[in-house]
Amino acid sequence: MENEARPPRRGYKYWIVAGVCLLLTVAIVAGILFYNAQQSRQYTSATFAMDTMVTQSAYGPHAAQAMQQVNVALAEYENRLSMFKLHSDIVAINASAGGPGVEVAPETADLLRQAVLLSAQSKGAFAITIAPLTKAWGITGGNPHVPQQSEIEVLLPLVDDEAVQIDGNVVTLPEKGMAIDLGGIAKGAACAVAAEIYTDNKVESALLSIGGNIYVKGTKPDGSQYRIGFRDPTGPDGSYIASFCMEDSVIAVSGGYERFFEQDGKTYIHIINPQTGWPAESDIVSVGVLHADGAVADFYSTTLFVWGREGALQFMQNGGVAILLDDTGTLYVSESLRGSFKLNEGLEESYNVVFVPGG
Ligand code: AMP
Ligand code: MG
């Protein structure tokens, strides 16, 4: 007689284990789907800080909370560094110029140290001690007017970054009337504040814009890079002439179109030439500088604007990465951006694009 193959009888233990396994599998799959949905969900935020619009978009389960923290941190940062906020470190330093030094937050002392080191590389184009002149012109302070030449001449000797003394966290301005304005570097430097918060919150993909100075962290969740627009200086807000891709970097943009006033039919811009005390006369319309350190990017954007096209092109040939629009409609673009660079359709006749080897 043949043995009939009968399926083995399965005890209740088998069914319990199988059930638990099934439940675990369902839970894991659901978890993965939920995690992926969280990772690929984009959150956005918009606020006003540092006298400009601040917008963010970020991905990840903690993105909303991170952006909220960034908004709070930027408000604190501005309260600490603005020359217009009553209790800021900068107001305290400026108020005691010619007197004893002032103890400031370690972060303030660090940024001042970095700014002074950088401005030493600007050949006199960049100075955080430009404040007596920016105040006299009143462009950011809300009372714009052309000062007397005699007033400019009195103020010019007060512009001297080498004279700024930083001893630990104690900052001294040796001459009465000297003052600091971090407007040329602060927005870029603020990107590092945001970068730290994104990292702390495990946000791997984010884009932050502080008045057109843009920080990009990582790539989008699908692996594609963020595409950044280069603004049309003559067009309305939000219009772009070209775009390119960027990752883990800051682009700081300087241009006369950003802030200016008109008097007797003449236009006066917010970037002052520390040599003359007058608004910089540049053959650059707009220049964006890319760097992993936002403070460095911001320092160079202002510096290149004052240097003008020739100096800026040298910077690019020496390895600096930038996009520069000059007053003849030529758009100079660092070679390293060529791969992703796109001039907007229909603008081929209006702009002449030149790729610059070096950076
Ligand atoms: P940005 O938009 O980065 O070029 O910075 C311009 C701001 O920097 C101005 O609004 C002033 O607050 C300040 N600033 C103006 N001229 C200079 C200069 N030559 N060096 C450093 N900061 C400047
Ligand atoms: Mg700048």
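Read on for an overview of the structure. Note that the structure is a prediction, hence the values are computed from the model and not measured.

Concerning the coordination of the magnesium ion (ligand 2)
Note on metal geometry: ideal angles are 109.5 degrees for four donors arranged tetrahedrally and 90 or 180 degrees for six donors arranged octahedrally.
Thinking step 1. Looking at the magnesium ion (ligand 2), one finds its protein donor set to be G184 (O), D298 (O), D298 (OD) and T302 (OG1), positioned 2.0 to 2.5 Å from the metal centre.
Thinking step 2. Each donor residue of the magnesium ion (ligand 2) lies on the same chain, and together they follow the pattern G-x113-D-x3-T. A residue pair is termed long-range when its members are at least 10 positions apart, and G184 in the loop between strand 5 (170–172) and helix 7 (186–200) and D298 in helix 8 (residues 294–307) qualify at 114 residues.

Examining the sheet that holds strand 16 (residues 342–343)
Thinking step 1. Reading across from one edge, 8-9-16 is the order of the 3 strands in this open sheet, with antiparallel pairing throughout. Each of the sheet's edge strands pairs with one partner strand only, and the pair in question is strand 8 (226–231) and strand 16.
Thinking step 2. Two elements, strand 8 and strand 9 (residues 240–246), share 6 bridges in a ladder whose sense is antiparallel. Paired with R231 across the strands is Y240, a residue of strand 9.

A few points about the environment of D222
Thinking step 1. By the secondary structure assignment, D222 is in the loop between strand 7 (213–217) and strand 8.
Thinking step 2. Taking C-alpha positions, D222 is 36 Å from Q114, a pair spaced 108 residues apart along the chain.
Thinking step 3. Among the polar contacts listed, one links the side chain of D222 to the side chain of S224, at a separation of 2.7 Å.

Some points on a nonpolar patch on the surface
Thinking step 1. Taken together, the side chains of Y12, I16, V20, L24, I28 and I32 make up a nonpolar region of the molecular surface, amounting to roughly 630 Å² of accessible area.
Thinking step 2. Among the secondary structure elements, V20 is positioned in helix 1 (residues 12–39).

Digging into the sheet that holds strand 14 (residues 321–326)
The strands making up a sheet associate through hydrogen bonds between their backbones, and the pairing can be parallel or antiparallel.
Thinking step 1. With mixed pairing, the 9 strands of this open sheet are ordered in space as 1-2-6-7-10-13-14-15-17. Two strands close off the open sheet at either side, each with one partner strand: strand 1 (42–49) and strand 17 (352–356). Averaged over all pairs of adjacent strands, the angle between strand axes in this sheet comes to 10 degrees, irrespective of strand direction.
Thinking step 2. Here strand 2 (residues 52–59) runs beside strand 6 (residues 205–210); their pairing, made up of 6 bridges, is antiparallel. Paired with T55 across the bridge in strand 6 is S209.

A look at the site of ligand 1
Thinking step 1. Within the structure, ligand 1 sits among 17 residues, and D181, S254, I272, D298 and T302 are positioned closest to it.
Thinking step 2. Measuring from an oxygen atom of ligand 1, one finds a side-chain N or O atom of D181 at 2.7 Å.
Thinking step 3. The separation between an oxygen atom of ligand 1 and a polar main-chain atom of G183 is 3.5 Å.
Thinking step 4. Protein chains shield 95% of the accessible area of ligand 1, which is 500 Å² for the free molecule.
Thinking step 5. Across the shell around ligand 1, the residue classes break down as 7 nonpolar, 7 polar and 3 charged.

Quick notes on the rules
- Residues numbered from 1 in each chain as written.
- Chains lettered and ligands numbered in written order.
- Predicted model: local features only at pLDDT ≥ 70, side-chain atom pairs only at ≥ 80, totals over all residues.
- Heavy atoms only, no water.
- Donors = N, O, S within 2.8 Å, 3.2 Å for Na, K, Ca; no water.
- Helix = DSSP H or I, 4+ residues; strand = E, 2+ residues; numbered from the N terminus.
- Pairing = 2+ DSSP bridges.
- Polar contact = N/O pair within 3.5 Å; in protein donor to acceptor, adjacent residues only side chain to side chain.
- Patch = residues over 30% accessible without salt bridge, like charges linked within 9 Å, V, L, I, M, F, W, Y side chains within 5 Å.
- Areas by Shrake-Rupley, 256 points an atom, 1.4 Å probe, with all protein chains shown as cover.
- Salt bridge = Lys/Arg side-chain N within 4 Å of Asp/Glu carboxyl O.
- Axes fitted to C-alpha atoms, helices over the stretch in contact; angles between N-to-C directions.
- Near = heavy atom within 4 Å.
- Nonpolar A, V, L, I, M, F, W, Y, C, P; charged D, E, K, R; others polar.

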